[in-house]
Amino acid sequence: MRLFLALRPDPALVECLADLAEQARRRCGGRVVPRASLHLTLAFLGEVPESRLDALTRFTEAFSCRPGAWPLDRYGRFRRGGILWLGSRQPAPALAALYQELHQGLDELGLAPPPRPFLPHVTLLRHAKHTAPAALAALPRPALTWRYTQMELIHSRAMDGRRHYHTLARSR
């Protein structure tokens, strides 16, 4: 099972993100990430044997996700896959603390943290054609706040050539 732990935006923020994604698509090309797929990945677990699902579900349900806020005020890109994302200009200390606490718990389950530093972002576009700095500078300046209270364990399945997400468990 392909699993990850993530924060999901509230419905009002989903609409704002979808609007920004559509504006970005008109300038940059590519494919808008569907509303139901918008999320902030805290831990990508990859392919996990189904035999570990009960332990991960218990871990998620017992995890105390402290409420916090994450400012969304800058665009970024990953050249691979033509990814256009939205994130923060400044670090969000509460989000970084949540990430550290989560990975300490996962480490106790034998799931090591990723080798790369945490770069919190929400993907807006895939396969964007124009993501050079000048193109990003022409996009509308976001000033959003993502308020979170809960983390989700999500199963990612490939269907119809796309990924579909299903929540398996939620934190406290």
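Our subject is the structure listed above.
Every chain is numbered on its own, with residues counted from 1 as its sequence reads. With pLDDT at 70 or above as the cut-off, local features in this predicted model cover only qualifying residues; side-chain atom pairs require 80 or more to be listed or tallied, and sums for whole chains, interfaces and linings still use all residues. The basis for every side-chain value is the complete set of non-hydrogen atoms in the structure, without hydrogens or water.

(A) Representation of helix α3 (residues 93-108) in the model. The first and last C-alpha atoms of α3 sit 23 Å apart over 16 residues, in line with the 22 Å expected at 1.5 Å per residue. The set of residues buried in α3 consists of L95, L98, Y99, L102, H103, G105 and L106. For α3, the angular spread of the buried residues around the axis is 160°, confining them to a single face. The outward face of α3, more than 90 degrees from its buried face, is lined by the exposed residues P93, Q104 and E108. Contacts: residue pairs with any heavy atoms within 4.5 Å of one another. Labels follow the DSSP assignment, with helices taken as runs of H or I lasting at least four residues and strands as runs of E lasting at least two, numbered in each case from the N terminus. Looking at the buried positions of α3, the neighbouring elements they touch are β1 (2-7), β3 (40-47), α2 (53-62), β4 (68-72) and β8 (144-148). G110, located one to two residues past α3, shows a positive phi value of around 85°. The span one expects for a helix is its residue count, reduced by one, times 1.5 Å. When accessible area is computed with a 1.4 Å probe and restricted to protein chains, residues below 20% of their type maximum are described as buried, those above 50% as exposed, and intermediate ones as partly exposed. Summarising the geometry, the arc corresponds to the directions from the helix axis toward the C-beta atoms.

(B) Local environment of the sheet that holds strand β10 (residues 162-170). Here, strands pair whenever DSSP counts at least two bridges between them. The antiparallel open sheet is built from 4 strands, whose spatial order is β3-β1-β9-β10. What marks the edges here is a single partner per strand, and that holds for β3 and β10. Averaged over all pairs of adjacent strands, the angle between their axes in this sheet comes to 30°, without regard to strand direction. Here 5 bridges tie β1 to strand β9 (residues 152-159), and the two strands are oriented antiparallel to one another. Residue pairing across strands places L3 opposite H155, the latter belonging to β9. Along the sheet face, α2 touches β1, β3, β9 and β10 and points at about 65° away from the line of β10. All axes here are fitted lines through C-alpha atoms, helices being fitted over the stretch that makes contact, and every angle between N-to-C directions spans 0 to 180 degrees. Along the sheet, α3 contacts β1 and β3; its crossing angle with β3, the most-contacted strand, is approximately 25°.

(C) Region of the structure containing unusual backbone geometry. The phi angle at H127 is positive, at roughly 60°, despite the residue not being glycine. By secondary structure assignment, the location of H127 is in the loop between β7 (121-126) and α4 (133-137). Look at D160: it is not a glycine, yet its phi comes out positive at around 55°. Residue position: D160 is located in the loop between β9 and β10.

(D) Quick peek at the packing of aromatic side chains. Note on aromatic pairs: the rings of Phe, Tyr and Trp (six-membered ring only in Trp) are paired at centre separations within 6.5 Å, and the planes decide the class, stacked below 30 degrees, edge-to-face beyond 60, tilted for the rest. Inspection of every chain in the model, using the stated rule, returns 5 aromatic pairs. Taking 5.1 Å as the distance between ring centres and 80° as the angle between the ring planes, the aromatic pair formed by F4 and Y165 counts as edge-to-face. Of this pair, F4 sits in strand β1 while Y165 sits in strand β10, placing them 161 residues apart in sequence. For Y165, a relative accessible area of 22% translates into the label partly exposed. Relative to F63, the ring of F59 has its centre 5.8 Å away and its plane inclined at 45°; by these criteria the two rings are tilted.

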